[in-house]
Amino acid sequence: MKNLKGLLPISAAVILLFGCGEDFLDKRPLVDQTADTFFQTGEQAVQATNATYGILRRFDVSVFSYIGMTDIVSDDADKGSTPNDATFLGELDNFTFDASNIGPGAVWGGYYKGVFRANLSLARIPDVPMDEGLKTRLLAENHFLRAYFYFNLVRWFGDIPLITRQLSPDEYEQERTPTEQVYALIIEDLQFAAANLPEKSAYAAEDLGRATRGAANGLLSKVYLTRQQWQLARDRALDVINSGEYELLPEYGQIFTPEGEHSSESVFEISTVALGTGGGGSQYNEVQGVRGTPNLGWGFNRPSDNLVAAWPRSDPRRDATIFTLGEVLPDGSAVIVGDPDVANQRQNQKSWVPAGPLGNGNGGGNIRILRYADVLLIAAEATNELGNTAEAIELANRVRTRARGPLPKPFLPDLTAANKEDARQVIWLERRLELAMEQQRWFDLVRQGRAGEVMIAAGKDKFRLGVNELFPIPQSEIDLSGGMLRQNPGYE
Amino acid sequence: MNKYVTHLAATALLCCAAAVGLRAQIVSGTVTDAAGETLIGVNVLVPGTTTGTVTDFDGAYSLDVDGADSLAFRYVGFTEQRTAIAGRNTIDITLAEASEFLDEVVVVGYGVQKRSDVTGSVSTVDAEEITRIATGDVASALQGKIAGVQVVPVSGTPGASSVVRIRGIGTFGDARPLYVVDGMLTDDITFLNPNDIERITVLKDASATAIYGSRGANGVILVTTRRGKEGGGSLISADVYYGQQSLIRKIDLANANEFAFLANQLARNEGRATVPYPFLVTNPDTVLRTTDWQDAIFQVAPIASYQVSASGATDRSSYLVSANHFAQEGIVRGGEFTRTTARFNGEFKVKPRVTLGQNLAFSLRKAVNGPGILNNAYQGYPTLPLLNEDGSFAATNPVGNPLAQLEYQNSTGESVRIVGNVYAEYEPIDGLRLKSSFGLDRTDGKSENFVPVFFVSPLQQNQVNSLSQTRDANRTWLWENTVTYDRSFGESRLSLLGGVTSQESRGEFLTGSVQGLAAENQEFRFLANGTDSTQTNGSGAGESAIVSYLGRVNYAFANRYLLTVSLRADGSSKFGANNRYGYFPSAALGWRIDQESFYPQDFVINRMKARLGYGTVGNDKIGNYRSIPLVSTDVFTNAVFGTGEALNFGAAPLALANPDLRWEQTTSFNAGLEMGLLQDKLTAEVDYYVKTTRDILLVVPIADYIGADPPVVNAATIENSGVEVLLAWRDRIGRVGYNASINGATVKNRVLDLGGGQEAISSGDVGSGRLSTRSIVGEPVGSFYGFETDGVIQNQAEFESFPTRAGQQVGDLRFVDQNADGVIDGADRTFIGSPIPDVTFGATFGVDVAGFDLAVDFYGQAGNEIYNQKVTSRFNTFNFERRFLNSFTTDNPSNTEPRLLNGGGNYEVSQRFIEKGDFLRLRNVTLGYSLPGTLGDRLRVTKLRLYASGTNLLLWDSYSGYTPEVIAESPINNGIDRGVYPVPRIINVGLQVGF
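Residues numbered from 1 in each chain as written. Chains lettered and ligands numbered in written order. Predicted model: local features only at pLDDT ≥ 70, side-chain atom pairs only at ≥ 80, totals over all residues.

J.: Is there a simple way to think about the overall build of chain A in this case?
T.: A tally of regular secondary structure across chain A gives 19 helices and 6 strands. Looking at chain A as a whole, 54% of its 492 residues are labelled buried. Look at the contacts in chain A between residues 6 or more apart in sequence, and 68% of them connect residues 24 or more apart. (Helix = DSSP H or I, 4+ residues; strand = E, 2+ residues; numbered from the N terminus. Buried ≥ 20, exposed ≤ 12 C-beta atoms within 10 Å, placed from the backbone. Contact = placed C-beta atoms within 7 Å.)

Structure (structure tokens):
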């Protein structure tokens, strides 16, 4: 009996622990919400939609590889920086890349993360008990963003896996979906967005920067232009033009200053802000910023000699697009000295922002995705292809006139064209000069079916016709798909 | 203050007076060993009292026994002897040597065992071995002391801790061992003062660690702190040392002229129109003034430790009180560390069968963290001065001025930690002990980072000052209830252990920052003093809990056959409901062959024991909540909207979770043989082990088009195997005692499985998108992976006859075409080294004679490689190591150094940057002198020892960096020298006094 008495406290302890064991071990996260309690309120639906936008500021979505696969790869720009910095961009510039180049891998991963977020919201928001008007708008925003992600992906890679909902583990091995079906989804998404999004002016001031009806129609017009569906491209562009929501800024250079953010000319742009507390910036400005003195950035995306030579000497857009050594920064804060390790330094002025808090990596310059001038030129190109060259030239001359600004006409004469073919070349060149260093050139060249011809003329003689119009599917993705993904021709 | 001191002095005087007033009864005598040699330092005491003394240099003692009836004599390595005083005034005693290896008591998990009964792989290190090294880091004092325990300092930063690996690496995650300090389980022993440690015991194999279940897989280190010892009387001791630390060696960098020459050469190689130092071309005899940036940042720095303690014990109670202050500055300017610790250990037999006790440790750590300037010194131009003529900081290029960084960029940290437990033990009947122990471990930390407004150059400036502050608090409680029952019947001895334990941990932090403080003085550094619009704040918290049930049976039959069986069941909050509990069994057998009747009596091997153990243990170091899908929110879930460009909060469940998450499980087999030769003068121990870890947590990549971050899954398998050897010789020739021991261990590490069809885990980012390590099936974890090199392409003919990489030229590295397809590309990369040493070893030699004691420690490792990343990191033209002077040019057709460039193919991960990591270090030499007892008596001290010690005195290696000891906690990011802060050489002198 004596022994048993001693065992009592131990037995009591054992019972106590058995009794409370399961609750005791059930530690729920203290800070983070868990998935099972999310998508319950309208507020959470807004938060999830914000998360789809948030991805637009990412390095792999709108910054390094994005610039590499739009500007640097084209004849508008060279890699920039020092010769051995980020050699993968040099490979893109010179068409020596293969399927292991990290540029295509980066955008692929980044854009599909965006697709995942849009799909998540599109799947879950319909069941959220909330204001139906707001619900429809949020769904339309996610449709717009998903279309934007897929539009860039399909233009870079061609056939791609078309993911429209969260995959379960037994669906992880996917095949590529034909381009036609990808475009069908893009068009469907944008049509839904155009039908359900408010116009820019209908948004509250605090919602400026969200996708609008104009943005959806504008992007749709570009999709149709890419597909050479001229009438539809013209119709959607005219929807934007006739909406009364947009007009060109009087001065070209003003578009790319802080004051030019979300201007009357902005159809869609990615908002960023350099807060003292961080968290709202992107590195878009930094990677293209002046390398050396003043220290604004890494010095990538050097406007090429070919681009510089493309402008008439007196076109004000050249100066507004390019920084050269010895030039004073637009805010007068410094003279550009540059870096002795960089040969023939030259930078993209459109990506410039004045110094802000927390250093260059916290860039607050908005990333312009679709400008009204772009929409006018889409309308011009489509109209010309439909046979109305005079109207086409008139549309393009609106852009030309603004570029000229207060200068006398001879400095930048109006565009003229003798015939449809002539007008096509004139409008193509005007697109290049107007949208230079805005990540449009490569997609335009491929769309116009002359990427190879132009690249080889620009001295990029490694360009392989019929191959390099598309980028390789990242090798790691082929491996992880269990071999279900097939490589683009020429990259096997 | 003065009043307080006076009061103390008065109290002390009164005590002395009281002591003097007692009637004296003096017993004196001499203590010798069987050979007739006198024994110094033998404890002579009156059992059950605090009365006692120690023998002096001549083995003599003299003690006031105050009417006691017996005396006890105790000496390490000898059997205790008691004798009745019986009115004698002179008692001479001859002590018999004990077979210490049999009777020594070893701490094992949840109990103690006689060394001869131990069936697992268990090693111990005693206090005197630990305190020889001048360091604040207990773990670093273990370096080279135990076979199979690799200890590598993370850096030489003051107060830095060490990476400890027991028997290789069995995870891709956290490979830290579990520490158990006087029964408190923890992952961090930086609060411990080395002087407070009595002994460290390392449990290496699963049969020894299985009693710690889900936390035993990386090995267990048991730390026993000092307590009052019966028989020593009341002992007050002081132990102080002071030393100086210095850099062991500099890196061989170019001087100004050499740098300018190389910079010109590089500009030509890059095809630039102009060279940066044209005057050196036109006038080659120009002598440029060199700034040695390394001299500018390194210093000789002090290290010191001050310890006082008091201890004592009777048969009813014991106590130890200690206080220590440790202070260390960095050999790189700017870093400081101090730690003040106090400890109170006590045990009280409050009733004949009831014991209460407590261990309580307090530590206050303060650190000034200097800026990271090692790479500045490595990269900065030696042509540039660091100070202008007016003493201001000079603008430097292309890296910042390190002296200015020291001035402007410092952060501070401070933490208070209290670790302690109280326990009660009740022995209702002989052999049955019920024990309940409750412990708390609480840390409160704060850190601060302030950057003032400054301008050194456009590259190095700060226009708006900023302040950030963090507070964190971590607390753990542990409640352990155990019952043990020991009984002998016939030839059997049985010991049973059962227990229930529970533990809960919570950590939280609060952080804030602000910019634009109106004033920069220290007094104004509060978050309220900045610009409101720049304020940020954040906080977080996490919790975890474990409930465990444990049991063990030790059975010995006829003192020959030993059996240990244990089982622990752990339930942990970290794992999904589907796998919340894990069961960790083990079994071990021991056979004391020398106890067999057939064993020859006078055989040279007088002692022999064989051990065999097998068991399963786990690793739970995976972080909290990994099995629960969380809603993610970060910089890129928030979006910017509105005319005011406001941040709009965004969140979404983005990560895939794994509700089936469970422990990494290590199954280990161990076979050991222990021997004593020549009456245990020579002892030998050999162990062979195979440790297979399954279900290793891994993020198995999924295709990016799935769009979500992949979950953590239990997927991989890693095996470690090896042999450990310990040989020790201990003898005494006349008055000269001497000992020598060597230990060595091999580790063969390889990945057996990566699960789910994954081919490789690539890691070890070395910049420019290059990864330097790869873990694949069949190779060691985190092996270096890159191009094999075969000299330099010497000329056009060679260039044309060998396969080359796109963009290569004459003068570039020749990479080996592994797949012989005529092209050098990514497929030609191969395994070019491993960061895991094949062999680690240590050796100790000691001599004591005539009051002098000398100890010499060596430590080394072999068979590993280092990736010298700092050489490859060239985003700009930086300074060069002098070996670049041998770069390939047409005039200097080097076959080792390729043509000079800042980047490109020659900087691909290749053998060019792999260096041997083998080294042998003269770890420590300590020479001490203890005052003879007679002199000590006159000075009224029982111990007075003076010593001088040198740590890291000599290094034999072939590595070109500061130190070949390069490690990271992450096993797949290991052995990469990104500019490691080297451990210093330390010369210190110390004094130990006891009275």
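J.: I tried to follow the pairing of strand β27 (residues 492-515) of chain B on my own but got confused; where do I start?
T.: Side-chain positions along a regular strand alternate between the two faces of the sheet. Residue and element names in this part refer to chain B. In terms of strand pairing, strand β26 (residues 466-489) meets β27 through 24 bridges, oriented antiparallel. In the sheet register, Q469 faces β27, and the bridge partner there is G512. Between β26 and β27, which pair antiparallel and follow one another directly, the connecting turn spans 2 residues, one of which, G490, has a positive phi of 60°. By the bridge criterion, 22 bridges tie β27 to strand β28 (residues 536-557) in an arrangement that is antiparallel. Looking at β28, one finds that R506 is bridged to E543. (Pairing = 2+ DSSP bridges.)

J.: Whenever I open this one, helix α15 (residues 389-404) of chain A confuses me. Can you help?
T.: Each turn of an α-helix holds 3.6 residues, which means side chains three or four residues apart point in the same direction. Residues and elements named next belong to chain A. Helix length check: α15 (16 residues) gives 22 Å between terminal C-alpha atoms against 22 Å at 1.5 Å per residue, within 8%. At N397, α15 shows its strongest bend, of approximately 25°. Among the residues of α15, T389, A392, I393, L395, A396, N397, V399, R400, R402, A403 and R404 are the ones counted as buried. Of the surrounding elements, those touching the buried residues of α15 are α13 (316-321), α14 (372-385) and α16 (420-434). Just downstream of α15 lies G405, where phi reads positive at about 60°. (Expected span 1.5 Å × (residues − 1). Bend = angle between axes of the 7 residues up to and from the residue.)

J.: Would you mind showing me how to read the sheet that holds strand β3 (residues 52-54) of chain B here?
T.: Strand pairing in a sheet is mediated by backbone hydrogen bonds. Such pairs are either parallel or antiparallel. Residue and element names in this part refer to chain B. Reading across from one edge, β3-β2-β5-β6 is the order of the 4 strands in this open sheet, with antiparallel pairing throughout. Lying at the two open borders of the sheet, with one neighbouring strand each, are β3 and β6 (81-84). Here the average twist between neighbouring strands, direction ignored, is 20°. As paired strands, strand β2 (residues 43-45) and strand β5 (residues 70-74) are joined by 3 bridges and run antiparallel to one another. The residue bridging L45 from the neighbouring strand is A72, located in β5. (Axes fitted to C-alpha atoms, helices over the stretch in contact; angles between N-to-C directions.)

J.: Just checking my understanding: could you explain unusual backbone geometry for this structure?
T.: Leaving glycine out, the prevailing phi sign among residues is negative, and the prevailing peptide bond configuration is trans. Residue A:P294 follows A:T293 across a cis peptide bond; omega there is -10°. Its place among the elements puts A:P294 in the loop between α11 (284-288) and β3 (300-303). The phi torsion at B:D680 lies on the positive side, around 70°, for a residue other than glycine. Relative to the elements of secondary structure, B:D680 occurs in the loop between β34 (664-677) and β35 (682-699).

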